[in-house]
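Structural features, examined
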Amino acid sequence: MTAEPVQPTELGADLRHVRSWIFDLDDTLYPPERQILKRVSERIGQFMVRTTGLPLEEARALQKRYLMDHGAALGGLMKDYTIDPEVFLAEVHDVPLDDLAPDEGLRTGLERLKGPRYVFTNGSTRHGERVLEQLGISDLFDGLFAVEHARLVPKPHPDTFARMLEMFRVDAASAAFFEDTARNLEHAKELGMTTILVGPQAFEAEAPFVDHRAAALGPFLATAILPGDAR
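Here's a quick rundown of the structure. Computed from a predicted structure; not experimentally measured.

1. Focus: the pattern of salt bridges
Scanning the model with the defined rule gives 13 salt bridges in all. Between R50 and E91 there is a salt bridge whose closest N-O contact spans 2.8 Å. With R50 in helix α1 (residues 36–52) and E91 in helix α4 (residues 85–92), this pair connects stretches of sequence that are 41 residues apart. Under the relative-accessibility criterion, R50 is labelled exposed at 53%. Between D69 and R65 there is a salt bridge, with the nearest N and O atoms lying 3.9 Å from each other. Taken together, the residues D69 and R65, both in helix α2 (residues 56–70) and 4 residues apart, mark about one turn of the helix. Taken together, the salt bridges that share partners define one network made up of D24, K155 and E179.

What follows is the structure, given as structure tokens:
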């Protein structure tokens, strides 16, 4: 039997200065092969077909353009069409989460962290709650900042970062931010956060605003040097 290739993971990152831990949700706290975001994206496409009257292929192209221009499809839809954002958020996040399961390695890694842990997501509050419940780690987090808290303006908008930091009363200079989308880390770095790019593509990114990279979150957290640890 051929062995599975080992994904590169940065080991032993020095995070002794970190006092607050901020995590993106989808494709960060669980691996992207679980396909949850793909299901959400498909629901968004269906919503856009109904809203715009465009054929599916054109609606999907517009969806991608909205993502690039606004950070999420919702911003473009609200600008160009009359929609109820609450209906949109409820519908597109109503996806099965059966492929998510508790990960002992992830839980152990999160339990190592000294200081409050927060989720910072462009998804809805209910989606965030469902994912954390399904992963069995709701009890490990001290707060959830969802797109509703951002007044429906997704990261990486600077105002959204400001609202998140204010809500959690976090000092950016002593915070670590874990994300699977590189561009969402740029403003975090400008604010003084320690930035960690997570996911299978993390080691291909050459962005200067990425401090650390991890193909998987559990091993990274398991080996990180934390406050109080001896070097």
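Next comes the rest of the account.
2. Remarks on the layout of surface pockets
Here the largest pocket defines a volume of roughly 1,000 Å³. Every residue lining the largest pocket is counted, 41 residues in all, and those nearest its centre are L37, L67, G71, N122 and T181. Looking at the lining of the largest pocket, the elements that each hand over two or more residues are α1, α2, α3 (73–80), α4, α8 (183–190) and β5 (194–198). Looking at the lining of the largest pocket element by element, the count peaks at 5 residues for α1.

Cut-offs applied
- Residue positions are given per chain, counted from 1 along the sequence in the order it is written.
- For this predicted model, a pLDDT threshold of at least 70 governs which residues receive local features, and a threshold of 80 or more governs which side-chain atom pairs are given and counted, while totals over whole chains, interfaces and linings are taken from all residues.
- Hydrogen atoms and water are omitted, and side-chain values are computed over all heavy atoms in the structure.
- Salt bridge criterion: a side-chain nitrogen from Lys or Arg within 4 Å of a carboxyl oxygen from Asp or Glu.
- Only DSSP runs of H or I covering at least 4 residues are called helices, and only runs of E covering at least 2 are called strands; the numbering of each starts at the N terminus.
- For every residue, the accessible area obtained with a 1.4 Å probe (protein chains only) is divided by the maximum for its type, and the residue is called buried under 20%, exposed over 50%, and partly exposed between those limits.
- Put plainly, a pocket is an open set of points on a 1 Å grid over the protein atoms alone with protein on both sides within 12 Å along at least five of seven lines, a cavity is a set where a 1.4 Å probe fits but cannot get out, and a lining residue has an atom within 4 Å of a point.
- Grid points are joined across faces, edges and corners, and a volume is the space filled by probe spheres set on the points.

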